[in-house]
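Below, each chain spelled out in residue letters.
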Amino acid sequence: HKILNFNVGVLGHVDSGKTSMARVISTVASTACFDKNPQSQSRGITIDLGFSSFALPIPEQLSESTSFESVQVTLVDCPGHATLIKTIIGGAQIIDLMLLVVDITKGMQTQTAECLVIGEITCRKMIVVLNKIDLLPEDKRSMMIDKMSKRMLKTLESTIFKDSPVVAIAANPGESNEP
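Structural notes, computed from the coordinates.

**Regarding the environment of Ser 149**
On the secondary structure map, Ser 149 appears in helix α6 (residues 141-156). In sequence terms Ser 149 and Val 129 are 20 residues apart; their C-alpha atoms lie 9.4 Å from each other. With near-sequence residues (within four places) excluded, Ser 149 lies in contact with Leu 130 and Val 166.

**Topic: the pairing of strand β4 (residues 70-77)**
Counting buried positions along β4 gives seven out of eight residues, so the element sits mostly inside the fold. One ladder, built from eight bridges, connects strand β1 (residues 3-12) with β4; its direction is parallel. Residue Phe 6 lies in a different strand from β4, and its bridge partner there is Val 73. Where strand β3 (residues 50-57) lies against β4, eight bridges are found, and the strand directions are antiparallel. The residue of β4 that forms the bridge with Ser 53 is Thr 74.

**Considering unusual backbone geometry**
Phi is positive for Lys 132, which is not a glycine, with a value near 70°. Relative to the helices and strands, Lys 132 is located in the loop between β6 (126-131) and α6. Among the residues examined, Lys 132 registers a relative accessible area of 11% and is labelled buried.

**Concerning the nonpolar core**
Considering soluble globular proteins, one finds that nonpolar side chains tend to be buried as a cluster. Counting 22 residues, the largest nonpolar core has Met 98, Leu 100 and Met 126 as the members making the most contacts within it. Contributing elements (two or more residues each) for this core: β5 (97-103), α5 (110-122), β6 and α6. It is α6 that provides the largest number of residues to this core, a total of four residues. In contact with Met 126, other than residues within four places in its own chain, are Leu 97, Met 98, Leu 100, Leu 116, Leu 156, Phe 161, Ser 164 and Pro 165.

**Some remarks on the sheet that holds strand β2 (residues 28-29)**
Within the open sheet, the seven strands sit side by side as β2-β3-β4-β1-β5-β6-β7. Their pairing is mixed. The sheet terminates laterally at β2 and β7 (166-168), the two strands that pair on one side only. Two elements, β2 and β3, share two bridges in a ladder whose sense is antiparallel. Across the sheet, residue Ala 29 finds its bridge partner in β3, namely Ser 52. Packed onto the sheet, α6 meets β5, β6 and β7 and runs at close to 145° relative to β6.

**So, the pattern of salt bridges**
Going through the model one piece at a time under the given rule, you end up with three salt bridges. Two residues, Lys 132 and Asp 103, come together in a salt bridge whose shortest N-O distance is 3.4 Å. Of this pair, Lys 132 sits in the loop between β6 and α6 while Asp 103 is found in strand β5, placing the two residues 29 residues apart along the sequence. Of the two residues, Lys 132 and Asp 103, both sit in the buried class. Between Asp 146 and Lys 150 there is a salt bridge, and its shortest N-O distance comes to 3.1 Å. Remark: Lys 150 and Asp 146 occur in helix α6; sequence separation between them is four residues, near one turn of the helix. Exposure remark for Lys 150: the relative accessible area of 52% places this residue in the exposed category.

**Focus on the packing of aromatic side chains**
Within this structure, the stated rule accounts for zero aromatic pairs. Stacked on the ring of Phe 68, the Lys or Arg Lys 2 has its end atom at 5.0 Å from the ring centre.

**Here we look at the side chain of Ser 52**
Note on placement: Ser 52 falls in strand β3. Only 2.7 Å separates the side chain of Ser 52 from the side chain of Ser 26, close enough to count as a polar contact.

Criteria and thresholds
Within each chain, residues carry numbers counting from 1 in the order of the written sequence. Predicted model: local features are reported for residues with pLDDT of at least 70 only, side-chain atom pairs are reported and counted for 80 or more only, and whole-chain, interface and lining totals are derived from all residues. As a convention, hydrogens and water are excluded, and side-chain values are obtained from all of the structure's heavy atoms. Strands here mean DSSP runs of E at least two residues long; helices mean DSSP runs of H or I at least four residues long; both are numbered from the N terminus. When checking whether two residues touch, look at their non-hydrogen atoms; a contact exists if any pair is within 4.5 Å. Note on classification: 1.4 Å probe, protein chains only; a residue is buried when its accessible area is under 20% of the maximum for its type, exposed when over 50%, partly exposed between these limits. We treat two strands as partners when DSSP finds at least two bridges between them. The nonpolar core is taken to be a set of buried Ala, Val, Leu, Ile, Met, Phe, Trp, Tyr and Cys residues, with the residues joined through side-chain atoms within 4.5 Å. Throughout, an axis means a line fitted to C-alpha atoms (over the contacting stretch in the case of helices), and angles, computed between N-to-C directions, take values from 0 to 180 degrees. Here a salt bridge means any side-chain nitrogen of Lys or Arg lying within 4 Å of a carboxyl oxygen belonging to Asp or Glu. We call Phe, Tyr and Trp rings a pair once their centres come within 6.5 Å, taking the six-membered ring for Trp, and we label the pair stacked below 30 degrees between planes, edge-to-face above 60, and tilted otherwise. Charge-over-ring contacts are defined here by two conditions on Lys NZ or Arg CZ: a distance within 6 Å of the ring centre and an angle within 35 degrees of the ring normal. What qualifies as a polar contact is a pair of N or O atoms within 3.5 Å, subject to a donor-acceptor requirement within protein and to the restriction that residues adjacent in sequence count only when both atoms come from side chains.

And the structure:
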């Protein structure tokens, strides 16, 4: 059984929901993922790289041109705090695709922009993930998602990621990080 490994970096500003998203979509967790480090737990932030994964069947368009039978998607959950930029850069160097996780209630923030620059240096493909859509008022949610999607695409216009897809999710529906 030949497995193709595909590394996906999960980057973004601190508290954008990166680790929550990785936890929700992963089926295999390493011993260091999801903020298991006691210092991560006491500080309430990711301080080191977390690795988790899930498997997918090989896409139909690749099945005839490769001997791989499945794809293992390894998520590299990077810290979002400015003081951990060296760790973020280390994680970004091994990725094939970047997920730029953005808290839709806050938009682009300082570390979001820094992660965008790191991504431009280290990889060629990106998906923007607008997270925490469950915190938007239900009657205005669709309009606010559309507005933030357009704002993100405008921000990306002068980057290598100008045609990146934008998806909206709620990684932790009903849970708020606010005190």
